[in-house]
Amino acid sequence: MSRKELLDAIAAEILACRKCELWKTRKNAVPGEGSPNSQIMFIGEAPGYWEDIKGKPFVGAAGKFLDTLLSEIGFSRETVFIGNILKCRPPRNREPLPDEIQKCTPYLDSQIRIIQPKIIVTLGNYSTNYIFSKVMLPFNGITQTHGKFYDASILDMRITIFPTFHPAASLYSARYKEQLIRDFHKLKRELKEKGLI
Ligand code: URA
């Protein structure tokens, strides 16, 4: 099977998933989307209002800013893979529960295994905490960890983790917005050095 076929099979499982209670309130599950051959994966937290309606990741206000950040570094959303920790929207956008994270993240792990990215960009606290815990790095909050490159082994692959703020943070804080822009420029320099753009 090709990477695309494998990702499609995972997406089909996600669309039918009833492992936690979120299937009861979702309109659509959001498996994630992008290039199956991407060297870079972006991981957010969970679908919000618009993602739930459209079944696609980052299509609301935070997603528009993510598109801008991606184009700053020479990517479009079709050339990368964008996923989330949770594949279904928590009611009223509440924070993900530990049980939901535990039940849902095997899907993300499968997506990482199939895509085999060189760089994983974690957007915000939840995804950074999850990926850091997988590679046994201590996580002291996104403010402490963002904007640096962490080489690690994950699921038997060597990858670089690059944590940054969640794009939604830019909607209420100019400071976070500036830091996100700065982090993405740093990311661009690293991608150039690694010959990935
Ligand atoms: N916020 C996220 O973390 N993910 C989305 O897909 C949309 C908003």
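Described in the following lines is the structure provided in the data block. (Residues numbered from 1 in each chain as written. Predicted model: local features only at pLDDT ≥ 70, side-chain atom pairs only at ≥ 80, totals over all residues. Heavy atoms only, no water.)

### Quick word on the overall build of the protein
- When its secondary structure is counted, the protein shows eight helices and six strands.
- Secondary structure elements of the protein, listed N to C terminal, follow the sequence α-β-β-α-α-β-α-β-α-α-β-β-α-α.
- Compactness check: the protein gives a C-alpha radius of gyration of 15 Å against a globular reference of 16 Å for 197 residues, within 12% of the reference.
- Across its three principal directions, the C-alpha atoms of the protein cover 45 × 40 × 30 Å.
- When burial is assessed residue by residue, the protein has 50% of its 197 residues classed as buried.
- Considering only intrachain contacts with a sequence separation of at least 6, the fraction spanning at least 24 residues in the protein is 68%.
- Put simply, the protein shows about 9700 Å² of open surface, and 51% of that area lies on carbon and sulfur atoms. (Helix = DSSP H or I, 4+ residues; strand = E, 2+ residues; numbered from the N terminus. Rg over C-alpha atoms; globule rule 2.2 N^0.38 Å. Buried < 20%, exposed > 50% of the residue type's maximum accessible area, 1.4 Å probe, protein only. Contact = heavy atoms within 4.5 Å. Areas by Shrake-Rupley, 256 points an atom, 1.4 Å probe, with all protein chains shown as cover.)

### What to know about the side chain of Gln179
- Among the secondary structure elements, Gln179 is positioned in helix α8 (residues 174-193).
- Taking the relative accessible area as the measure of exposure, Gln179 reaches 15% and is therefore buried.
- Residues in contact with Gln179, not counting those within four places in the same chain, are His146 and Phe165.

### Looking at the site of the ligand
- In the region of the ligand, the neighbouring residues are Gly44, Glu45, Ala46, Glu51, Pro57, Phe58, Asn84 and His166.
- Asn84 is positioned such that a nitrogen or oxygen atom in its side chain is 2.8 Å from a nitrogen atom of the ligand.
- Within the contact set of the ligand, an oxygen atom lies 2.7 Å away from a side-chain nitrogen or oxygen of His166.
- Computed on the free molecule, the ligand has an accessible area of 230 Å², of which 91% lies beneath the protein chains in the complex. (Near = heavy atom within 4 Å. Polar contact = N/O pair within 3.5 Å; in protein donor to acceptor, adjacent residues only side chain to side chain.)

### Focus on the sheet that holds strand β3 (residues 81-84)
- Sheet architecture is open: six strands sit in the order β1-β3-β2-β4-β6-β5, paired in mixed fashion. Edge positions in the sheet fall to β1 (33-34) and β5 (150-154), since each of these pairs with one other strand and no more.
- Strand direction decides the pairing type here: β1 and β3, joined by two bridges, are antiparallel. Along β3, the bridge assignment pairs Gly34 with Phe81. (Pairing = 2+ DSSP bridges.)

### Comments concerning helix α4 (residues 98-115)
- The first and last C-alpha atoms of α4 sit 25 Å apart over 18 residues, in line with the 26 Å expected at 1.5 Å per residue.
- Where α4 bends most, at Cys104, the angle is about 35°, and the proline Pro106 comes one to four residues later.
- Three or more residues of α4 are buried, namely Glu100, Ile101, Cys104, Thr105, Tyr107, Leu108, Asp109, Gln111, Ile112, Ile114 and Ile115.
- Of the surrounding secondary structure, the elements contacted by the buried residues of α4 are α1 (3-15), β2 (40-44), β3, β4 (119-123), α5 (125-134) and β6 (157-164). (Expected span 1.5 Å × (residues − 1). Bend = angle between axes of the 7 residues up to and from the residue.)

### Section: the packing of α1 against α4
- With their axes 10 Å apart at the nearest point, α1 and α4 run at an angle of 175° to one another. It follows from the interaxial angle that α1 and α4 lie roughly antiparallel. Counting all contacts with α1, which are made through Arg3, Leu6, Leu7, Ile10, Glu13 and Ile14, the residues of α4 involved are Tyr107, Ser110, Gln111, Ile114 and Ile115.
- Split by residue class, the contact of α1 with α4 holds seven nonpolar, two polar and two charged. (Axes fitted to C-alpha atoms, helices over the stretch in contact; angles between N-to-C directions. Parallel < 35°, antiparallel > 145°, perpendicular 65-115°, else oblique. Nonpolar A, V, L, I, M, F, W, Y, C, P; charged D, E, K, R; others polar.)

### Examining a nonpolar patch on the surface
- There is a patch of nonpolar side chains on the surface, built from Tyr49, Trp50 and Ile53 and spanning about 300 Å² of accessible area.
- Looking at the element boundaries, Trp50 is found in helix α2 (residues 49-54).
- For Trp50, a relative accessible area of 44% gives the class partly exposed. (Patch = residues over 30% accessible without salt bridge, like charges linked within 9 Å, V, L, I, M, F, W, Y side chains within 5 Å. Salt bridge = Lys/Arg side-chain N within 4 Å of Asp/Glu carboxyl O.)

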